[in-house]
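# A look at the structure
Here is how the chains run, residue by residue.
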Amino acid sequence: MRNRLLGLLATLALSVPAMAEAQQPKTLRVVMHSDLKILDPVWTTAFIVRNHGYMIYDTLFALDGDLKIKPQMVEKYDVSPDKLTWTFTLRDGLEFHDGQPVTTEDVLASLKRWAVRDGLGQILWAKVAEARPVDARTFQIVLKQPTGVVLQALAKPSGNPFIMPKRIAETPPGDQIKEFVGSGPFIFKRDEWKPGDKTVYVRNPKYKPRAEPASGLAGGKIAKVDRVEWLAMPDQQTAVNALAAGEIDIIETPQHDLYPILKKEKNVGLVTTNKWGNQYIFRFNQLHKPFDNPKTRQAMLYGLNQKDFLNGVIGDPEYYTVCKAMFMCGGPYETTAGFADKYESDFAKAKQLLAEGGYDGTPVVLLHSTDLYVLTNMAPIAKSLMEKSGLKVDMQSMDWQTLVSRRARKDPPDKGGWNVLITSTSGADSLDPLTYSFIGATCDKAWFGWPCDDELTRLRSAFADETDEPRRKAIVEKIQLRAADVPTHAFLGQYNNAMAIRKEVSGNVVSPVPVFWNVEKK
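None of the values given here were measured: they were computed from a predicted structure. (Residues numbered from 1 in each chain as written. Predicted model: local features only at pLDDT ≥ 70, side-chain atom pairs only at ≥ 80, totals over all residues. Heavy atoms only, no water.)

### Structural notes on the state of the cysteines
Put simply, the rule is: Whenever a pair of cysteine sulfur atoms sits within 2.5 Å, that pair is classed as a disulfide. Only protein chains enter the accessibility calculation, which uses a 1.4 Å probe; a residue whose area is less than 20% of its type maximum is buried, one above 50% is exposed, and one in between is partly exposed.
The final tally for this structure, using the stated rule, is 2 disulfides. Through a disulfide, cysteine 323 is tied to cysteine 329; the S-S separation comes to 2.1 Å. An S-S torsion of about 100 degrees defines the bridge between cysteine 323 and cysteine 329 as right-handed. Under the relative-accessibility criterion, cysteine 323 is labelled buried at 3%. A residue is classified by how much of its surface remains accessible, and cysteine 329, at 27% relative accessible area, is partly exposed. Numbered by order of appearance in the sequence, the disulfide-linked cysteines of the chain pair as 1-2, 3-4.

### Focus on the sheet that holds strand S7 (residues 138–143)
What counts here: Between any two strands, at least two bridges found by DSSP are needed for them to pair. Numbered from the N terminus, helices here are DSSP runs of H or I no shorter than four residues, and strands are runs of E no shorter than two. In this description, a line fitted to the C-alpha atoms serves as the axis of each element, helices being fitted only across the stretch in contact, and the angle between N-to-C directions of two axes falls anywhere from 0 to 180 degrees.
Strand order across the open sheet formed by 4 strands is S4-S5-S7-S6, with antiparallel pairing between neighbours. The sheet is open, and its two borders are formed by strand S4 (74–79) and strand S6 (128–133), each paired with just one other strand. Geometrically, the sheet is characterised by an average inter-axis angle of 15 degrees between neighbouring strands, direction not taken into account. Here 5 bridges tie S6 to S7, and the two strands are oriented antiparallel to one another. Looking across to S7, one finds that valine 128 is bridged to leucine 143.

### Things to note about the packing of helix H9 (residues 294–303) against helix H11 (residues 347–356)
Keep this limit in mind: Roughly parallel means an angle under 35 degrees; roughly antiparallel, over 145; roughly perpendicular, 65 to 115; everything else is oblique. Residue contacts are counted whenever heavy atoms from the two residues lie within 4.5 Å of one another. Here the nonpolar group is Ala, Val, Leu, Ile, Met, Phe, Trp, Tyr, Cys and Pro; Asp, Glu, Lys and Arg are the charged ones; every other residue, Gly included, is treated as polar.
Closest axis-to-axis distance for the H9/H11 pair is 8 Å, and the angle between their directions is 175 degrees. The orientation of H9 relative to H11 falls into the category roughly antiparallel. When H9 is examined against H11, the residues Lys295, Thr296, Gln298, Ala299, Tyr302 and Gly303 are found in contact with a partner set consisting of Phe347, Lys349, Ala350, Leu353, Leu354 and Glu356. Here the residues of the contact of H9 with H11 are counted per class, giving 6 nonpolar, 3 polar and 3 charged.

### A look at the sheet that holds strand S10 (residues 227–231)
The 7 strands are arranged S8-S9-S10-S1-S11-S19-S12 in an open sheet whose pairing can be described as mixed. Two strands bound the open sheet, and with one partner strand each, they are strand S8 (186–188) and strand S12 (268–271). Looking at chain direction, S8 and strand S9 (residues 198–203) are connected through 3 bridges and run antiparallel. Bridged to phenylalanine 188 within S9 is tyrosine 201.

### Some points on the pattern of salt bridges
Quick note on the threshold: Any Lys or Arg side-chain nitrogen located within 4 Å of an Asp or Glu carboxyl oxygen qualifies as a salt bridge.
Counted by the stated rule, this structure contains 30 salt bridges. Taking the shortest distance from any N to any O, the salt bridge between lysine 189 and aspartate 191 comes out at 3.8 Å. Overall, lysine 189 belongs to the partly exposed group, its relative accessible area being 25%. Between lysine 383 and glutamate 387 there is a salt bridge, and its shortest N-O distance comes to 2.7 Å.

### Regarding helix H7 (residues 236–244)
Heads up, the condition is: Along the arc lie the directions from the helix axis toward the C-beta atoms.
For H7, every residue scored as buried is listed here: Gln236, Ala239, Val240, Ala242 and Leu243. Along the long axis of H7, the arc covered by the buried residues comes to 160 degrees, so they all point the same way. In this fold, the buried residues of H7 make contact with strand S1 (27–31), strand S11 (250–251), helix H8 (259–263), S12, helix H12 (373–376) and strand S19 (499–502). Glycine 246, located one to two residues past H7, shows a positive phi value of around 80 degrees.

### Focus: the packing of aromatic side chains
Where we set the bar: Centres within 6.5 Å make a pair out of two Phe, Tyr or Trp rings, where for Trp the six-membered ring is used; the pair is then stacked when the planes are under 30 degrees apart, edge-to-face when over 60, and tilted otherwise.
This model, assessed by the stated rule, comprises 26 aromatic pairs. Judged by centre distance (6.2 Å) and plane angle (5 degrees), the rings of phenylalanine 339 and tyrosine 343 are stacked. Residue phenylalanine 339 is classed as buried on the basis of its relative accessible area, which comes to 1%. The class for tyrosine 343 is buried, based on a relative accessible area of 4%. The interplanar angle of 65 degrees and the centroid separation of 4.9 Å between the aromatic rings of phenylalanine 339 and phenylalanine 491 together place this pair among those described as edge-to-face. Here the residue phenylalanine 339 occupies a position in the loop between strand S14 (320–321) and H11, and phenylalanine 491 occupies one in strand S18 (residues 489–495), the gap between them amounting to 152 residues.

### Some details on the nonpolar core
Convention followed: Remark: nonpolar core denotes a set of buried residues (Ala, Val, Leu, Ile, Met, Phe, Trp, Tyr, Cys) joined through side-chain atoms within 4.5 Å.
Among the nonpolar cores identified, the biggest contains 159 residues, and Leu60, Phe88, Val228, Tyr280, Phe282 and Met386 are the most heavily contacted of them. Apart from the residues lying within four places of it in its own chain, the contact partners of leucine 60 are Pro71, Gln72, Met73, Val74, Leu90, Val107, Leu111, Phe139, Leu154 and Ile163.

### A look at the environment of glutamine 72
Note on placement: glutamine 72 falls in the loop between strand S3 (69–71) and S4. C-alpha of glutamine 72 to C-alpha of aspartate 40: the two residues are 32 residues apart in sequence and 21 Å apart in space. The contacts of glutamine 72, once residues within four sequence positions are left out, are Asp58, Thr59, Leu60, Phe61, Ala62, Arg91, Tyr207, Arg210, Leu217, Ala218, Gly219 and Lys221.

### Some details on the side chain of asparagine 51
By the element assignment, asparagine 51 lies in helix H2 (residues 47–56). In this structure asparagine 51 comes out as buried when scored by relative accessible area, which is 1%.

### A few points about unusual backbone geometry
The omega angle of the peptide bond from lysine 289 to proline 290 is 5 degrees, so this bond is cis rather than trans. Position of proline 290 among the secondary structure elements: in the loop between strand S13 (278–284) and H9. We note that serine 345 has phi near 50 degrees; this positive angle belongs to a residue other than glycine. Note that serine 345 resides in the loop between S14 and H11.

Bear in mind that shape data such as this cannot, by itself, settle questions of function.
So this is what it looks like as structure tokens:
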């Protein structure tokens, strides 16, 4: 009896650690490309805020791994024979993190708030006669005229209309929301959010995923870890050392010149999850001199060149593409119309256009992001090329989140505003004129820089309504030709990133947005 008791105690002693290990929460620790300081997904187009949105909110539609539009919160939809009335029915069992069911009242309030601030939302809502609930799970969008933009707007990868409770969505679009309740696969732990340190999400135990496998931003969003921590670690070498030591699990965008070091780490892999890449953007502020004049903006298209930027930041030609097509080389609307003679650093031509535009030598304020490595070297390169083109440049340095706040200011450059900033955008958001926010020219409603041009606006609307592909491609050429005459921005080439991931982590979804459902950790 005594021996049996001793054996039982020994068995229990061995099983307790195993049970404790089995019950230990699985935590995924990630160093993202930027710290999260803004939480309202319609307030800014900063990718870190978009990424936060996909963690806690769900969407009506989404793009799968082949960029095809798939229902997400929507169970079914149909269109009336006259193409004017779209009827949508939500999936059963959708529930917000506060326990309340998702209803069509929540959906419509979220759509209306989003449509005020999002460029494609503005295009869609201008064509909407009425958006109305039918019952708790069914709603309708009634159009003034048929358009092909409805599903594209509801499924766009960046700036997607995230669905939140009506009481929150009724916050005026000009004010930031103060509650962060979604119905997505993770719950935001606001009590643990420490800007500059970490952002914490926990698995939503009540989330009801779709039955289909995860694909891109669509399909079954199954949270397979209990907790996700985004850790602020601005020094890239520190992050690489932490990854090698197993202190973190993923670096979203490691520095390209550190790839050789990462490739030597036996417990780390480099995985490209965004196969569509990114595009660099040089953005003019058209509210103030000198870039209120199209001649001075044209001067920059001649004075800049893509190779200097891509070599200076990415370095490895395996990961970048010199491209004079606004809507991405390799995309369905690739054309160099209007830009074949641009981006060659023709400084003589740039100086000529600056003179024609009346540039008077006033310093141009160039905003410089210091903590995002994919942008840090861009502004110094731009400064050199701008000065060789004949501009005086006042480069002002700041962290990315400060720049994100600063770019929303319309004040004169010498009063806290700006003339030029450099950013990047996802290739999946740059494939056509509708999702590509930088070509929007709707004045105060346009993306920061506020370009204002009736012809560009008319052409984008025509593209939205056109369903014939050859005619769409002809409209794209007209858009590019117009953009070469009245530039809204300069595009500075394409590049790809790879995630650095510990070998014990698997399941990362190929997607234009970094997402953490389907991810497992041993």
